[in-house]
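What follows is each chain in one-letter form.
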Amino acid sequence: ETEAAALGVAGDGPEVIHLRRLLHELEGERRADSLALDEAQQALREAELTEQRFRDVARENKKLRADLAALEDEGFWKEIEALQARAEEALGLAKESKDALQRYLAAFPSFDPPSGALLNRIGRFVATAAPAA
């Protein structure tokens, strides 16, 4: 009777008590299964995130390998050297152009000068590029 009272089935027959006990056990197992399912779903989410991070890292690794291969490519360095030579040539031309414009302006005061912004831009270009050259 104490078991029947604990299950809240006082006065029911033994079969009903047995079925209620079974139902109580099944409900407990259902709660445990539900918790296990929640944990499994969380583990699955974490596995999916880990898989996505792996794909991202693999993609980045592939890109870095391609970049490294480009650095080892002789044509890449030749192109860099050509760009550097063009930049040095451009700097020299900019200096000469600025000097020539300033000489013309000094020699011909009535000459309509280009905008001051142009000379300032050329001056800034020459000044900032000179230390790098």
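Everything here concerns the structure above.
Heads up: these notes are all about the structure in this document.

Quick notes on the rules
Residues numbered from 1 in each chain as written. Predicted model: local features only at pLDDT ≥ 70, side-chain atom pairs only at ≥ 80, totals over all residues. Heavy atoms only, no water. Helix = DSSP H or I, 4+ residues; strand = E, 2+ residues; numbered from the N terminus. Buried < 20%, exposed > 50% of the residue type's maximum accessible area, 1.4 Å probe, protein only. Contact = heavy atoms within 4.5 Å. Axes fitted to C-alpha atoms, helices over the stretch in contact; angles between N-to-C directions. Parallel < 35°, antiparallel > 145°, perpendicular 65-115°, else oblique. Left-handed = near helix turned anticlockwise from the far one by under 90°. Nonpolar A, V, L, I, M, F, W, Y, C, P; charged D, E, K, R; others polar.

Turning to the overall build of the protein chain, a few remarks are in order. Assigned secondary structure in the protein chain consists of four helices and zero strands. Seen in sequence order, the protein chain has helices and strands lined up from the N terminus as α-α-α-α. The buried share of the protein chain, reckoned over its 133 residues, is 8%. The contacts of the protein chain with a sequence gap of at least 6 include a subset with a gap of at least 24, amounting to 40%.

With that out of the way, let us pick up the packing of helix H3 (residues 74-107) against helix H4 (residues 116-129). At a minimum axis separation of 10 Å, H3 and H4 run at an interaxial angle of 140°. Judged on the interaxial angle alone, H4 and H3 are oblique. For the pair H3 and H4, the crossing hand works out as left-handed. Listed contacts from H4 to Ala90, Leu91, Ala94, Lys95, Lys98, Leu101 and Leu105 of H3 are Leu119, Ile122, Gly123, Phe125, Val126 and Ala129. Here the residues of the contact of H3 with H4 are counted per class, giving 10 nonpolar, one polar and two charged.

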